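Descriptive analysis of the structure
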Amino acid sequence: MSDQAFYSALQTKLDTLRTEGLFKPERVIASRQGAEVVAEDGRTLINMCANNYLGLSGDPETQKAAEAALQKYGYGLSSVRFICGTQTVHKELERKLSEFLGTEDTILYAAAFDANGGVFEPLFDENDAIISDALNHASIIDGIRLCKAARYRYANNDMADLEKQLIAATEAGKRHKIIVTDGAFSMDGTIAKLDEIVALAEKYGALTMIDESHATGFMGKRGRGTHEHFNVMGKIDIITGTLGKALGGAMGGFTSGRKEVIETLRQKSRPYLFSNSLAPMIAGASLAVLDRISKSTELRDRLHENTAYFRREIERIGFTIKPGTHPVVPVMLFDAPVAQKFAARMFELGVLLSGFFYPVVPMGQARVRVQLSAAHTREQLDTVLKAFEQAGRELGILNNN
Ligand SMILES: *Cc1c(COP(=O)(O)O)cnc(C)c1O
């Protein structure tokens, strides 16, 4: 407490964030997660900004499965996996995830952030090359930083640039090359061109890795992910993902792939070796979620119907969106203050969504982001669309006729 200058410097930086409009306040919710949430002040809001794609976060069946696992396995383990923190429920979930994803084996983590943070360093060294999409998630970027492999970056989803980087890594004489991409990009709702990526990987003898945090559970015919969507199941070397979005929404992550890879991670991956076991109730609930979405595509189908409806109607009203099919729908407003005002007005109109502007998205690409869920009813979506129309007219984004 003797270095007052340290605290003053922090305060100055925080003040700068506020004046630049980059400070992130936290919205406090007084209810469970869902298509509607109750704000602290008691107002009910339609929630359009959760990663709750299948609507399972606040779902009673998910809760019941968690309660059953809580009853059977207790609250926690006070141990890492390899000392005394592995229960049958963890092994069952790892088997089930492997089966679901079409891989040989899976390793659980406390978060996908840890899965990505702990995947590169045990598998690659200075003789190898990691070729990474420029818009990959922060946890991939951090994971790559922790590893000594040479780094190559390609422009987002740009296959010509990816090939250029593959050639550069090959010419540099790199031993192993791995292409790494988010399966779906959360800011734009764009989907990685996995078919082309796999073809390039085959051409240059590279490995492939996808982060399926915004895909597992709902992309592809049976919700297996981006690899199913592009019909390249079995051709991806490493899959990471989260249990904290579509698959129930509590927390937890995983890495899945060939057994040699997963066994190596169990021996060497630092976030696995030096961090606590996933809570058994989360493992139990995740198992029930995987069972439920393996038996029926109902939730996935409803999500995609909601997405198609919203995408069509928001364009019909006159808004510009990034084209696509993913339940992340960026509604483009282009101007940062407009995006901020828009999100604030939508909040007053009872709709929860978030605005994004530079530097989170490129300059001139300010937007509000809508995320659809299977839990949204048509009525709720119509209410949201009406609010969009009203706010759009008030702020002069839509013509007033
Ligand atoms: C959300 C997200 C993560 C982190 O997931 P957690 O399980 O919450 O740590 C990692 N990668 C991507 C692409 C994500 O969107």
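Our subject is the structure that appears above.
Now for a look at the structure at hand. (Residues numbered from 1 in each chain as written. Predicted model: local features only at pLDDT ≥ 70, side-chain atom pairs only at ≥ 80, totals over all residues. Heavy atoms only, no water.)

Thoughts on helix α2 (residues 60–73)
Taking 1.5 Å per residue, 14 residues should reach 20 Å; α2 reaches 20 Å between its end C-alpha atoms and fits that length. Residues of α2 that are buried include every one of T62, A65, A66, A69 and Y73, and no others. Down the axis of α2, the buried side of the element spans an arc of 100 degrees, and every buried residue falls inside it. Among the exposed residues of α2, those oriented more than 90 degrees off its buried face are P60, K64 and Q71. Looking at the buried side of α2, the elements it contacts are α4 (88–101) and α12 (280–295). (Helix = DSSP H or I, 4+ residues; strand = E, 2+ residues; numbered from the N terminus. Expected span 1.5 Å × (residues − 1). Buried < 20%, exposed > 50% of the residue type's maximum accessible area, 1.4 Å probe, protein only. Arc of directions from axis to C-beta. Contact = heavy atoms within 4.5 Å.)

Brief notes about the packing of aromatic side chains
Across all of its chains, the model carries seven aromatic pairs by this definition. Ring centres of Y53 and F218 lie 4.5 Å apart, and the angle between their planes is 40 degrees; this geometry places the pair in the tilted category. Of this pair, Y53 sits in the loop between β2 (44–47) and α2 while F218 sits in the loop between β7 (207–211) and α9 (226–229), and the two are 165 residues apart along the sequence. Residue classification places Y53 among the buried positions, given a relative accessible area of 0%. Where Y109 meets Y272, the ring centres are 5.9 Å apart and the plane angle is 65 degrees; that geometry is what we call edge-to-face. Linking Y109 in strand β3 (residues 105–109) with Y272 in helix α11 (residues 270–273), this pair joins segments that are 163 residues apart in sequence. (Phe/Tyr/Trp six-rings, centres within 6.5 Å; stacked < 30°, edge-to-face > 60°.)

Re the layout of surface pockets
If you add up the space inside the largest pocket, you get close to 1000 Å³. Lining the largest pocket are 29 residues, and of these K24, P25, S354, G355 and F356 sit closest to its centre. Contributing elements (two or more residues each) for the lining of the largest pocket: α14 (336–348), β13 (354–356) and β14 (366–371). Taken together, the residues that form the lining of the largest pocket break down as 15 nonpolar, ten polar and four charged. (1 Å grid on protein atoms, 1.4 Å probe; cavity = no way out; pocket = protein on both sides within 12 Å on 5 of 7 lines; lining within 4 Å. Points joined across faces, edges and corners; volume = space filled by probe spheres on them. Nonpolar A, V, L, I, M, F, W, Y, C, P; charged D, E, K, R; others polar.)

Overview of the sheet that holds β2
Within the open sheet, the three strands sit side by side as β1-β2-β12. Their pairing is mixed. Each of the sheet's edge strands pairs with one partner strand only, and the pair in question is β1 (36–38) and β12 (351–352). Bridge analysis of β1 against β2 gives three bridges, and the strand direction is antiparallel. Counted as the bridge partner of V38 is T44 from β2. Its contacts with the sheet place helix α15 (residues 378–394) against β1, β2 and β12, and it is angled at close to 95 degrees to β2. (Pairing = 2+ DSSP bridges. Axes fitted to C-alpha atoms, helices over the stretch in contact; angles between N-to-C directions.)

Structural notes on the pairing of strand β6 (residues 177–182)
For β6, a buried count of six out of six residues is recorded, marking the element as mostly surrounded by other parts of the structure. Side chains of β6 alternate between two faces, with K177, I179 and T181 and I178, V180 and D182 buried alike. Looking at chain direction, strand β4 (residues 129–133) and β6 are connected through four bridges and run parallel. Along β6, the bridge assignment pairs I131 with I179.

Re the packing of α2 against α12
Each pair of packed helices can be summarised by the angle the axes make with each other and by the distance between the axes. Packing of α2 against α12 brings their axes to within 7 Å, and their N-to-C directions diverge by 135 degrees. Taken together, the axes of α2 and α12 lie oblique to each other. Crossing of α2 over α12 shows right-handed handedness. The segment α2 lies against α12, with E61, T62, A65, A66, A69, L70 and Y73 engaging P280, M281, G284, A285, A288, V289 and R292. Its residues assigned to classes, the contact of α2 with α12 comprises ten nonpolar, two polar and two charged. (Parallel < 35°, antiparallel > 145°, perpendicular 65-115°, else oblique. Left-handed = near helix turned anticlockwise from the far one by under 90°.)

Quick word on a nonpolar patch on the surface
On the surface, a nonpolar cluster with roughly 490 Å² of combined accessible area is contributed by M1, F6, Y7 and L10. Here M1 lies in the segment before α1 (4–19). (Patch = residues over 30% accessible without salt bridge, like charges linked within 9 Å, V, L, I, M, F, W, Y side chains within 5 Å. Areas by Shrake-Rupley, 256 points an atom, 1.4 Å probe, with all protein chains shown as cover. Salt bridge = Lys/Arg side-chain N within 4 Å of Asp/Glu carboxyl O.)

Structural notes on empty space enclosed by the protein
In the structure shown here, the tally under the stated rule is three cavities of 30 Å³ or more. In this structure, the largest cavity encloses a volume near 60 Å³. Considering the residues around the largest cavity, the lining is formed by R81, L108, Y109, A110, P271, Y272, S275, N276, S277 and L278. Residue assignment for the lining of the largest cavity shows that the elements contributing at least two residues are β3 and α11. Looking at the second largest cavity, its volume works out to about 40 Å³. Every residue lining the second largest cavity is listed: Q33, G34, A35, N47, M48, C49, A50, N52, Q371, S373 and H376. Split by residue class, the lining of the second largest cavity holds four nonpolar, seven polar and no charged.

Examining the site of the ligand
Close contacts around the ligand come from 13 residues, with A112, D211, H214, T242 and K245 the closest. The side chain of H137 places a nitrogen or oxygen atom 3.3 Å from a nitrogen atom of the ligand. A distance of 2.7 Å separates an oxygen atom of the ligand from a polar atom in the side chain of T242. Protein contacts shield 83% of the accessible area of the ligand, which totals 380 Å² for the unbound molecule. At three residues, helix α5 (residues 112–117) tops the list of elements feeding residues into the shell around the ligand. Across the shell around the ligand, the residue classes break down as three nonpolar, seven polar and three charged. (Near = heavy atom within 4 Å. Polar contact = N/O pair within 3.5 Å; in protein donor to acceptor, adjacent residues only side chain to side chain.)

The values reported here are purely geometric and, on their own, carry no functional implication.
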